[in-house]
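# Remarks on the overall topology
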Amino acid sequence: MKHLRQLENQSIFILREAYKNFDNLGMLWSMGKDSTVLLWLARKAFFGHVPFPLLHVDTSYKIPAMIEYRDRLAREWRLNLVVGQNKEALANGMNHTRGRVECCTALKTEGLKLLLEEKGYTGIILGVRSDEDSTRAKERYFSPRDKNNEWDFRDQPPELWDQYKISFPPGTHIRIHPLLDWTEINIWEYIKLENIPFLDSLYLDQGTGQRYRSLGCEPCTFPMKSTAKNVDDVIIELKNSKVAERAGRAQDEGRGMEQLRKEGYM
Amino acid sequence: MTGTTSASHDMPNDNPIKETMNIVIVGHVDHGKSTLLGRLYADTGTLPVGKIEKIQAICQQQGKEFEYAFLFDAFLEEQQQGITIDTARTFFSWGNRQYIIIDAPGHKEFLKNMVSGAARAEAALLLIDALEGVKDQSKRHGLLLSMLGVKQVTVVVNKMDLVGYREDVFRGIEKEYTEFLAQLNVIPQYVIPASAKQGINITTNATETPWYTGPTVLDSLSHFSLDAADTEQPLRLPLQDVYKFDARRILVGRITAGQLKVGDRLVFAPSNKSAVIQTIEAFNVDPAPMQARAGESVGITLDEQIFVERGQIAAHEHQGPFVSTSFRANVFWLGQRPLERNRTYSLRLATREVPCEVSTIHRIVNANDLDDRQTSTSVQRNEVADLTFRTKAPLAFDTYTTSEDTGRFVLVDEYDVSGGGIITEMIRDEQEGLRTEARERDSAWVKGEIGPEERAQHYGHRAAVVLFTGPDTTAKAFLARKLESVLVAEGRHAYLLDAENLRRGLDADIGETNATEAVRRYGEVAKLLTDTGLLVLSTTNPFSLPGGTIAQAIQTLINPTPVITIYMSKEQESLLPDATLTFVGPEDFDARTRQIIETLKQIGILAESVGAQPDFQFSI
Ligand SMILES: Nc1nc2c(ncn2[C@@H]2O[C@H](COP(=O)(O)OP(=O)(O)OP(=O)(O)O)[C@@H](O)[C@H]2O)c(=O)[nH]1
Ligand SMILES: [Mg+2]
């Protein structure tokens, strides 16, 4: 439990640095377990308040239960929810059959870019974790993105002690990653410790012998075989599992994720 | 997990995790850091399924032998060049610990990335290639580890397969490198002969090195100890922010050393403000905490609504940090442009940010030979130097050895963090005597019921000293008198205190020559008057000292009440750089008076109208 408090203290520090140093700040919320833990940490950091908008880039292909859950928590926790969507791409019929990477690029990367442009955010908080895939393992807590939202992993700023990249030229923005040091198991341990409401109907086995391990768009996210019916079961299952977390996410195959993330994918 | 045979990697990892620890792997380029890490994961069976096969496919495609390094050198560029470019965080659970193992690059081009990785670590594995021996970056990394605060180091002499596992080769490197580390006051925990590629002494002790009886690399991890949080040290709580989301006014920050509890009296440096902790606030914690310790991100409320802001460091009475505008430090420079004297950089220490300059470059430290120290006029990229700094405003800090987190800082050049340093020595500046006087006087100050905020609310302005300075015959006194009349006519509480008026009374015993003492007495009188909530106006005419010096001395004495300097000059030359307002040449004095009043409103000293509440941007 002590290790969870260590992680919590670090993430809260980062959230408060972000809030102090960025005038136009937003936090991405995908309703998944990570960004929901992040949202909870924000409520801790700001004593029950969430003093910036929560951004959801809606691809329109999300699992319906996710949207219900989103709207319920937004109401209960008095969140300022901002939903963005690449309407043009959708109007042109974009979907995963045109290529998974293409679809992710249009609906998520571009969708996010449009939202950032429209609202002029200079700081975006995201719940990515280093252990998700090997490109995220190389992220900084405060990671600059250029005018095209691109990530230059070859030339990242030094990050010393608790001093982060908080000044940046106009037109660029900073991605803030308070959960980099958390593992998937830590997320579940923390959900249990703090009793955080999560999307149990998707993350737990409802008697069908399967559950989602990672949530995304309906066509590209596949449930795994599992009989985990509560958080404890999930933790035990993960401790004994050797399957990668994002194995159920189609866009990660080959160098898909590397390409996506360089272009500004979350 | 000690002993020489370790079957421990067959142990399932269902031990409850008790703590996390960050370990960095460093060393010269190509000495096998990423390979060792890959091997550690592969041989403990902690990789996800399919991962090895994926790497196998990539290596085959590139016509290479299997490379364990590709497990973490994930980017195409990295794999093509067989080099690590940026650090990777990897997660490894073993025993009761969750490790974050950070794989750092060895190429000197990427030193800033290595530093980013190492700055997060509590311990390090430093690799040396048995065939190549100790190289440039082996030493530079060793030096940087000691500066970054990584005190626990285990050395791995890797690629022992390339030297036929010869003990004499190993002992030679062991001796050379241990002697180097000794100069940095670092004693390695272990020096391990290994072959990452062949899996020798990584997770199991091998017959290839019968002469070695120490732990394997895996075992050595559990011998690193976690710093017990610095709860015994004097309290340091650098303020991060002040929140007013609801009725509570909550001060937040992360405790970097020591501990605090409800009821403790805190003193904030450098403002010397003081109040008692009323509550410790927390969300979803019941009952509310009564104490907190180093490492915790806390929120507190105080019994008095004193004005404090980000950057101040809270401490217990009489145990505060140093305050000065000067200190000496060891700095490593990572910027594209060299670090030079006479250029302004932004210095960030804990949550404080102040402009600073390098005042002296004492030496450049040669990483290869720590004794050979050269003098220089600038610090180049990737160099380490011993420097004295001068900050534009008083800074609260510790030396690195007394309190790590408040004893180190980074330097920002334009938009970029470009270097880091650890403070070795506090240097007394000219203000030291006055600062001590102010601190002692403030801590013994007997307060009435009415605080500065209430006075400010009542008067429609906060207290301040407005100081007119500049060369003779620029009509400073005329403008000061004019401002006084206009302010009073508006209903503000302003008073022209000419230093001349002290001369025959309060200063009668010191004569004309003791200018410094005259300024000190003026400052103490100004302190009293501003404590009543007044706007005190004056010129520097009667003092035979430079305007900047007078302003600084008064500022130190009335701190944190602001001194507003109005500089008046006949020509554009020789201006006062830090003046709040500058007037050049003769002009309309009514317009100038209005301009001063507007400025006082902008910086939150005057409320828009009498009776309205001023906004508090400055410290009160
Ligand atoms: N023979 C032999 N080769 C090794 C050993 N360890 C690593 N190598 C090889 O040395 C080369 C460099 O290894 P890396 O692990 O990439 O080195 P590194 O220290 O991570 O390099 P940078 O991160 O770029 O500084 C690779 O080709 C490895 O296969 C070893 O123990 N023996
Ligand atoms: Mg490497």
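Predicted model only: the values in this text are computed from it and were never measured. (Residues numbered from 1 in each chain as written. Chains lettered and ligands numbered in written order. Predicted model: local features only at pLDDT ≥ 70, side-chain atom pairs only at ≥ 80, totals over all residues. Heavy atoms only, no water.)

### Describing the overall build of chain B
Looking only at helices and strands, chain B has 14 helices and 28 strands in total. Its C-alpha atoms give chain B principal-axis dimensions of about 90 × 60 × 45 Å. The 620 residues of chain B split such that 56% are buried. Intrachain contacts of chain B at a sequence separation of at least 6 include 72% that bridge at least 24 residues. Counting every atom, chain B has about 25,400 Å² of accessible surface; 49% of that belongs to carbon and sulfur. Counting 62 positive and 83 negative side-chain charges, chain B places the averaged centre of each group 2 Å from the other. (Helix = DSSP H or I, 4+ residues; strand = E, 2+ residues; numbered from the N terminus. Buried < 20%, exposed > 50% of the residue type's maximum accessible area, 1.4 Å probe, protein only. Contact = heavy atoms within 4.5 Å. Areas by Shrake-Rupley, 256 points an atom, 1.4 Å probe, with all protein chains shown as cover. Lys, Arg positive; Asp, Glu negative; His and termini not counted. Charge placed at Lys NZ, Arg CZ, Asp CG, Glu CD.)

### Overview of the overall build of chain A
A tally of helices and strands in chain A yields nine helices and eight strands. For the C-alpha atoms alone, the extent of chain A along its principal axes is close to 50 × 50 × 35 Å. By the burial criterion, 62% of the 266 residues in chain A qualify as buried. The contacts in chain A between residues at least 6 apart in sequence include a share of 75% that link residues at least 24 apart. Counting 39 positive and 38 negative side-chain charges, chain A places the centres of these two groups 1 Å from one another.

### Re the packing of aromatic side chains
In this description, a pair of aromatic rings is defined by centroid distance and the angle of the planes. According to the stated counting rule, one finds 39 aromatic pairs over all chains in the structure shown. The interplanar angle of 70° and the centroid separation of 5.8 Å between the aromatic rings of tyrosine 141 of chain A and tyrosine 164 of chain A together place this pair among those described as edge-to-face. Taken together, the residues tyrosine 141 of chain A in the loop between β4 (123-125) and β5 (142-145) and tyrosine 164 of chain A in the loop between β5 and β6 (173-176) connect sequence positions 23 residues apart. Across the pair, tyrosine 164 of chain A and tyrosine 141 of chain A agree in class, each one buried. Summarising the aromatic geometry, the rings of tyrosine 177 of chain B and phenylalanine 180 of chain B are spaced 5.5 Å apart at their centres and angled 35° between planes, so their arrangement reads as tilted. Separated by three residues within a single helix, tyrosine 177 of chain B and phenylalanine 180 of chain B lie in helix α6 (residues 167-183), roughly one turn from each other. Phenylalanine 180 of chain B carries the same exposure label as tyrosine 177 of chain B, and that label is buried. Through a chain of ring-to-ring contacts, the aromatic side chains of Phe13, Phe22, Tyr141, Phe142, Tyr164 and Phe168 of chain A assemble into a single cluster. (Phe/Tyr/Trp six-rings, centres within 6.5 Å; stacked < 30°, edge-to-face > 60°.)

### Focus: the coordination of the magnesium ion (ligand 2)
Residue and element names in this part refer to chain B. Here the magnesium ion (ligand 2) is held by the protein donor atoms Ser34 (OG) and Thr84 (OG1), which lie 1.9 to 2.0 Å from it. You can see serine 34 sitting in helix α1 (residues 33-43) and its partner threonine 84 sitting in the loop between α3 (76-81) and β2 (88-94), a full 50 residues away along the chain. The class for threonine 84 is buried, based on a relative accessible area of 8%. (Donors = N, O, S within 2.8 Å, 3.2 Å for Na, K, Ca; no water.)

### Comments concerning the site of ligand 1
All names here are of chain B. If you check the shell around ligand 1, you find 20 residues, and the closest are Lys33, Ser34, Thr35, Glu67 and Thr84. A distance of 2.4 Å separates an oxygen atom of ligand 1 from a polar atom in the side chain of threonine 35. A per-element tally of the shell around ligand 1 places α1 first, with three residues. Across the shell around ligand 1, the residue classes tally to six nonpolar, eight polar and six charged. (Near = heavy atom within 4 Å. Polar contact = N/O pair within 3.5 Å; in protein donor to acceptor, adjacent residues only side chain to side chain. Nonpolar A, V, L, I, M, F, W, Y, C, P; charged D, E, K, R; others polar.)

### Some thoughts on the domain arrangement of chain A
Residues and elements named next belong to chain A. Here chain A is described as being made up of domain 1 (2-182 + 253-262) and domain 2 (184-251). Here the C-alpha centroids of domain 1 and domain 2 sit 20 Å apart. Each side of the interface is counted separately: domain 1 has 40 residues, and domain 2 has 30 residues. Of the roughly 3,100 Å² buried between domain 1 and domain 2, counting both surfaces, carbon and sulfur atoms make up 64%. At the boundary of domain 1 with domain 2, the tally comes to two salt bridges. One can count nine residue pairs in polar contact (both at pLDDT 80 or more) joining domain 1 with domain 2. Breaking the side of domain 1 that touches domain 2 down by element, the ones donating at least two residues are α1 (2-21), α2 (33-45), α3 (64-76), α5 (100-119) and α9 (256-262). Here the side of domain 1 that touches domain 2 gets seven residues from one element, more than from any other, and that element is α2. (Domains from an automatic or database assignment. Buried area = accessible area lost by both parts, 1.4 Å probe. Salt bridge = Lys/Arg side-chain N within 4 Å of Asp/Glu carboxyl O.)

### A few points about the nonpolar core
Ranked by size, the top nonpolar core spans 88 residues in total, and within it Leu125, Leu148 and Phe332 of chain B carry the most contacts. When residues no more than four places from it in sequence are discounted, the contact partners of leucine 125 of chain B are Ile23, Val24, Ile25, Val26, Leu36, Thr154, Val156, Val217, Ser220, Leu221 and Phe224 of chain B. Phe13, Trp29, Tyr69 and Tyr265 of chain A belong to the second-largest nonpolar core, a separate cluster that totals 80 residues. (Core = buried A, V, L, I, M, F, W, Y, C linked by side-chain atoms within 4.5 Å.)

### A look at helix α13 (residues 547-558) of chain B
Residues three or four positions apart in an α-helix share a direction because the helix packs 3.6 residues into each turn. Residues and elements named next belong to chain B. Between its first and last C-alpha, α13 extends 17 Å over twelve residues, near the 16 Å set by a 1.5 Å rise per residue. Listing the buried residues of α13 in full gives Gly547, Ile550, Ala551, Ala553, Ile554, Thr556, Leu557 and Ile558. The secondary structure elements touched by the buried residues of α13 are α8 (432-443), β24 (464-469), α12 (515-531) and β27 (563-569). (Expected span 1.5 Å × (residues − 1).)

### Some thoughts on the interface of chain A and chain B
Taken residue by residue, the interface counts 64 residues in chain A and 79 residues in chain B. Interface area lost by chain A to chain B is led by Phe47, Lys138 and Trp161 of chain A, which between them contribute 15%. Linking chain A to chain B there are nine salt bridges. One salt bridge in this structure joins arginine 89 of chain B and aspartate 181 of chain A, with 2.6 Å as the shortest N-O distance. Along the contact surface separating chain A from chain B lie 32 residue pairs in polar contact (both at pLDDT 80 or more). At the level of secondary structure, the elements contributing two or more residues to the side of chain A that touches chain B comprise α1, α2, α6 (184-194) and α9 of chain A. With twelve residues, the single largest contributor to the side of chain A that touches chain B is α1 of chain A.

### Describing the side chain of aspartate 386 of chain B
Residue and element names in this part refer to chain B. With respect to the element layout, aspartate 386 can be found in strand β21 (residues 384-397). Using a relative accessible area of 7% as the deciding quantity, one classes aspartate 386 as buried. Separated by 2.8 Å, the side chains of aspartate 386 and arginine 328 make a polar contact.

### Quick notes on α1 of chain B
Residue and element names in this part refer to chain B. For α1, the buried fraction is high: nine of the eleven residues fall into the buried class. Inspection of α1 places Lys33, Ser34, Thr35, Leu36, Leu37, Gly38, Arg39, Leu40 and Tyr41 among the buried residues, and these make up the whole buried set. Buried residues in α1 make contact with β1 (19-27), β2, β3 (97-103), β4 (123-129), β5 (152-158) and α7 (217-222). At the C-terminal side of α1, glycine 45 shows a positive phi close to 65°.

### Notes on the domain arrangement of chain B
Partitioning chain B into structural domains gives domain 1 (7-222), domain 2 (230-316), domain 3 (322-430) and domain 4 (449-602). Taken over C-alpha atoms, the centre of domain 3 of chain B sits 34 Å from the centre of domain 4 of chain B.

### Some remarks on the side chain of serine 35 of chain A
All names here are of chain A. Structurally, serine 35 can be placed in helix α2. What makes serine 35 buried here is its relative accessible area of 6%. Here serine 30 takes part through its backbone nitrogen, which lies 2.9 Å from a polar atom of the side chain of serine 35. Beyond its immediate stretch of four places on either side in the chain, serine 35 contacts Leu28, Trp29 and Ser30.

### Here's the deal with the sheet that holds strand β28 (residues 581-584) of chain B
All names here are of chain B. Read from one edge of the open sheet, five strands run β25-β26-β24-β27-β28, paired in parallel fashion. Here the strands that pair on one side only, and so sit at the sheet edges, are β25 (494-496) and β28. Within this sheet the neighbouring strands show an average axis-to-axis angle of 15°, counted without direction. When β25 meets strand β26 (residues 535-539), the two strands line up parallel, connected through three bridges. Pairing of alanine 494 across the sheet is with leucine 535, part of β26. (Pairing = 2+ DSSP bridges. Axes fitted to C-alpha atoms, helices over the stretch in contact; angles between N-to-C directions.)

### Here we look at the sheet that holds strand β10 (residues 265-269) of chain B
In sheet architecture, strand pairing relies on hydrogen bonds along the backbone and comes in two forms, parallel and antiparallel. Judged by pairing direction, the barrel is antiparallel, and its six strands sit side by side in the order β7-β8-β13-β11-β10-β14 (chain B) before closing back on the first. Neighbour-to-neighbour, the strand axes of this sheet turn through a mean angle of 50°, independent of strand direction. The sheet contact formed by β10 of chain B and strand β14 (residues 313-316) of chain B spans four bridges and is antiparallel. Counterpart to alanine 269 of chain B in the pairing with β14 of chain B is isoleucine 313 of chain B. Strand contacts of α1 of chain A: β7 (237-243), β8 (250-254) and β13 (297-302) of chain B, with the helix running at about 55° to β7 of chain B, the strand carrying the most contacts.

### Quick notes on the pattern of salt bridges
Residues and elements named next belong to chain B. For the structure on display, the rule yields 63 salt bridges over all chains. Ionic pairing is found between glutamate 437 and arginine 520, a salt bridge with its closest N-O pair at 3.0 Å. Highlighted residues: glutamate 437 in helix α8 and arginine 520 in helix α12, separated in sequence by 83 residues. A residue is classified by how much of its surface remains accessible, and glutamate 437, at 22% relative accessible area, is partly exposed. For the salt bridge of arginine 521 with aspartate 509, the shortest nitrogen-to-oxygen distance reads 2.8 Å. Of this pair, arginine 521 sits in helix α12 while aspartate 509 sits in the loop between α11 (500-503) and α12, placing them twelve residues apart in sequence.

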